[in-house]
Amino acid sequence: MAEVIDMADGVCGVIALRSADEHYEVIADGMFLMDTRDGESERLMVTSVADEIGARPAGGARILIGGLGVGCSLRAALDHPAVGEVVVVEREKAVVAWNTTGPLRQVHGDALADERVRVVEADLLEWLGRTDERFDALCLDIDNGPTWTVSASNAELYTSDGVELMWSRLRAGGLLSVWGAQDDATFTARLRAQFTEVRTETVAVRRGEPDVVWVARRGR
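For clarity, every value in this text was computed on a predicted model and none was experimentally measured.

J.: Looking at this structure, how should I read the sheet that holds strand β2 (residues 13–20)?
T.: Consider a sheet: its strands pair through backbone hydrogen bonds, and that pairing is either parallel or antiparallel. With antiparallel pairing, the 4 strands of this open sheet are ordered in space as β1-β2-β3-β4. Each of the sheet's edge strands pairs with one partner strand only, and the pair in question is β1 (3–10) and β4 (31–35). Put simply, the sheet's adjacent strands are angled 25° from each other on average, direction ignored. Sheet topology places β1 next to β2; 7 bridges connect them, and they run antiparallel. Bridged to Met7 within β2 is Ala16. Contacts from helix α3 (residues 93–100) reach β1, β2 and β3 (23–28) within the one sheet, and its direction differs from that of β2 by about 25°.

See the structure below:
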């Protein structure tokens, strides 16, 4: 039986961290978001683009991870030889705390303490709109992906304007990866309208439809 470890008022409503069968779960506004049981698709979101970066920039690639979650994608980025710097954008202060000094720290080997990591506590869409930083890859795991979202504001990220904004924050030839709880033909079409190459990769899950990772490349 799941046990609530901590709760906090968050941007998306009440956010809770639960323990269940030696694993941890994050619940937002009563809806399950993620847990530590597997993380295969979250890691794929990073490795699928890091493997393709090609000629590595001096010092390694700059990668942005949108959505810290339970740290699976961050750990995958730090373990990849092509990655030199990781900027993590997470709007929920409680999630950052659980990963920095809380129980999630042990899940990813204290990844936030790595000197290559910078954490930005902000809404991803708002931050992308005001920053002038550019990246070799954007790896985004926001809400449940484009199909349905806990927070209505997150849906804007997956619109045509959101896709154009993501494109604009990539360096020439840069890569975008987006995690989703299920496939979405409309979102795929929006990516193809903006990016030169688009593909999807799927990962089977214990129940329900496979997780999906979209990978898109910006033209040079």
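So that's the structure; there's more coming.
J.: Sorry, what's going on with the environment of Glu90 here?
T.: Mapping Glu90 onto the fold places it in the loop between β6 (83–89) and α3. In this structure Glu90 comes out as buried when scored by relative accessible area, which is 8%. Through-space distance from the C-alpha of Glu90 to that of Glu121 is 5.1 Å; in sequence the pair is 31 residues apart. Ignoring sequence-local partners within four residues, the contact set of Glu90 consists of Gly67, Leu68, Gly69, Val95, Val96, Val120, Glu121 and Ala122. For Glu90, the side chain forms a polar contact with the main-chain nitrogen of Leu68, separated by 2.9 Å.

J.: Is there a simple way to think about the sheet that holds strand β5 (residues 61–66) in this case?
T.: With mixed pairing, 7 strands are arranged side by side in an open sheet as β7-β6-β5-β8-β9-β11-β10. Taken across any chain shown, the strands that pair with only one partner, and hence form the sheet edges, are β7 (117–120) and β10 (197–203). Sheet twist, expressed as the mean angle between neighbouring strand axes with direction ignored, is 15°. Note that strand β9 (residues 170–180) and strand β11 (residues 211–217) share 6 bridges and pair antiparallel. Among the inter-strand pairings, Trp179 is bridged to a residue of β11, identified as Val213. Relative to the sheet, helix α5 (residues 160–168) contacts β8 (135–140) and β9, its axis offset from that of β9 by approximately 135°.

J.: Please explain the pairing of β5 as it appears in this structure.
T.: Strand residues, when the strand is regular, have side chains that alternate between the two faces of the sheet. For β5, a buried count of 6 out of 6 residues is recorded, marking the element as mostly surrounded by other parts of the structure. Alternating residues of β5 divide into Ala61, Ile63 and Ile65 and Arg62, Leu64 and Gly66, and every residue in both groups is buried. Relative to β6, β5 runs parallel, the two being bridged by 6 bridges. Bridge pairing in β6 links Ala61 to Val83.

J.: Can you walk me through the environment of Met1 in this structure?
T.: Structurally, the position occupied by Met1 is in the segment before β1. Judged by relative accessible area, Met1 falls into the exposed class, the value being 96%. Placed 19 residues apart in sequence, Met1 and Ala20 show a C-alpha to C-alpha distance of 6.1 Å.

Here is what the cut-offs are and how they apply
- Residues numbered from 1 in each chain as written.
- Predicted model: local features only at pLDDT ≥ 70, side-chain atom pairs only at ≥ 80, totals over all residues.
- Heavy atoms only, no water.
- Pairing = 2+ DSSP bridges.
- Helix = DSSP H or I, 4+ residues; strand = E, 2+ residues; numbered from the N terminus.
- Axes fitted to C-alpha atoms, helices over the stretch in contact; angles between N-to-C directions.
- Contact = heavy atoms within 4.5 Å.
- Buried < 20%, exposed > 50% of the residue type's maximum accessible area, 1.4 Å probe, protein only.
- Polar contact = N/O pair within 3.5 Å; in protein donor to acceptor, adjacent residues only side chain to side chain.

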